[in-house]
Amino acid sequence: MIFLKSGDPFPPVEYADEQGLLAVGGDLNVQSLIAAYNQGIFPWFDNSQPVLWWSPDPRMVLFPNRLKVSKSMKQLLKKDVFKITYNEDFAGVLEQCANIERPGQVGTWITEEIKAQYQKLYELNIAQSVEVWKDGKLVGGLYGIYLKEKKVFCGESMFARVNNASKFGFIKLVEKLRKEGVKLIDCQIYTEHLASLGAEEIPRKEFLKFLE
């Protein structure tokens, strides 16, 4: 684990500890975030902590052609229960992701500082969102970083206010990204929810090859 000063470059990801923590401190701005994602690094911390930079090994990823859609979800998709939009309410998705209650989690890592910088990335068309609507209300969604030149989408956070809303949005996004030629969706760390959709863990060195 490395302690960064303002302006310091990120160390090689091999310096990360067993939990994936690579560095502490440094700058949290558009330039540092772009550099981080292009090197397989992401920020994750709360208001009580300094900026923490992570690069876990193994890495949870989804290859778009390995997306798993259950029978019940296929029926839901056919019914068009939800309306899907892209990049129409990024700020709304960000706010909902920050405020949604999650089992076992106290507080949020989506701090005001994080919101401000990701909003700037959205204005640069680097951060993108998916919105899931029902009866005119935002009931689900997710956002992430789209490394278009590398054909990689880095998922950051998702939320659902009604059952299956985030899963519906995720599936629609994966289908869209697959058509656009995206090779890999970075899911960062293992969750049962993502595994049920076809995501899998791969060695960090294999993940980094997609960022070269």
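Criteria and cut-off values
- Residues numbered from 1 in each chain as written.
- Predicted model: local features only at pLDDT ≥ 70, side-chain atom pairs only at ≥ 80, totals over all residues.
- Heavy atoms only, no water.
- Core = buried A, V, L, I, M, F, W, Y, C linked by side-chain atoms within 4.5 Å.
- Buried < 20%, exposed > 50% of the residue type's maximum accessible area, 1.4 Å probe, protein only.
- Helix = DSSP H or I, 4+ residues; strand = E, 2+ residues; numbered from the N terminus.
- Contact = heavy atoms within 4.5 Å.
- Lys, Arg positive; Asp, Glu negative; His and termini not counted.
- Salt bridge = Lys/Arg side-chain N within 4 Å of Asp/Glu carboxyl O.
- Polar contact = N/O pair within 3.5 Å; in protein donor to acceptor, adjacent residues only side chain to side chain.
- Phe/Tyr/Trp six-rings, centres within 6.5 Å; stacked < 30°, edge-to-face > 60°.
- Lys NZ or Arg CZ within 6 Å of the ring centre and 35° of its normal.

Any chance you could explain the nonpolar core here in plain terms?
Note on soluble globular proteins: their nonpolar side chains tend to be buried together. Grouped together as the largest cluster of nonpolar side chains are 48 residues, with contacts concentrated most on Tyr37, Trp53, Ile110, Tyr118, Leu121, Tyr143 and Ile145. Of all the elements, helix α3 (residues 90-99) adds the most residues to this core, at five residues. With near-sequence residues (within four places) excluded, Leu121 lies in contact with Val30, Leu33, Ile34, Ile126, Ala127 and Ile145. Judged by nonpolar contacts, the second largest core, of 27 residues, contains Met60, Leu77, Tyr146 and Phe168.

Quick question: what am I supposed to make of unusual backbone geometry here?
Leaving glycine aside, a negative phi is the common case for residues, and trans is the common case for peptide bonds. Of note, the bond from Asp57 into Pro58 is cis; its omega dihedral lies within 30 degrees of zero at 10°. Structurally, Pro58 is set in the loop between β4 (52-54) and β5 (59-62). Residues other than glycine seldom take positive phi values, yet Asn125 does so here, at roughly 65°. In this structure, Asn125 sits in the loop between α4 (112-123) and β7 (127-134). Judged by its relative accessible area of 40%, Asn125 falls in the partly exposed class. If you check the backbone angles, Asn164 has positive phi at about 70° while not being a glycine. Judged by its relative accessible area of 35%, Asn164 falls in the partly exposed class.

Hey, could you run me through the side chain of Glu131 in this one?
Considering the arrangement of structural elements, one finds Glu131 in strand β7. At 8.9 Å, Lys83 is the nearest oppositely charged side chain to Glu131, a buried residue that forms no salt bridge. Of note is the side chain of Glu131, whose polar atom sits 3.3 Å from the backbone nitrogen of Asn87. A distance of 3.1 Å separates a polar side-chain atom of Glu131 from the backbone nitrogen of Asp89. What Glu131 contacts, discounting residues up to four positions off in sequence, is Lys83, Ile84, Thr85, Tyr86, Asn87, Glu88, Asp89, Phe90, Val93, Leu138 and Gly140.

For this particular structure, what's the right way to read the pattern of salt bridges?
As a working rule, side chains carrying opposite charge can pair if their charged atoms are close by. The final tally for this structure, using the stated rule, is six salt bridges. Of the charged contacts in the structure, one is a salt bridge between Glu206 and Lys209, with a shortest N-O distance of 3.3 Å. Here Glu206 and its partner Lys209 are both found in helix α7 (residues 204-209), three residues apart, which amounts to about one turn of the helix. When salt bridges with common partners are traced through the structure, they connect Glu95, Glu112 and Lys115 into a single cluster.

In this structure, what is going on with the packing of aromatic side chains? I would like to understand it.
When we look at a pair of aromatic rings, we describe it by the centre distance and by the angle of the planes. The full count for this structure, using the stated rule, is eight aromatic pairs. Taking the centre distance of 4.8 Å and the plane angle of 70° together, the rings of Phe10 and Trp53 count as edge-to-face. With Phe10 in the loop between β1 (2-4) and β2 (21-25) and Trp53 in strand β4, this residue pair connects regions lying 43 residues apart in the sequence. Of the two residues, Phe10 and Trp53, both sit in the buried class. Considering the side-chain rings of Tyr118 and Tyr143, the 6.0 Å spacing of their centres and the 80° angle between planes classify their relative orientation as edge-to-face. Residue Tyr118 is located in helix α4, and its partner Tyr143 is located in strand β8 (residues 137-147); the two are separated by 25 residues in the primary sequence. Here Tyr118 matches Tyr143 in class, with each residue buried. If you follow Lys176 out to its NZ or CZ, it ends over the ring of Tyr86, 5.0 Å from the centre.

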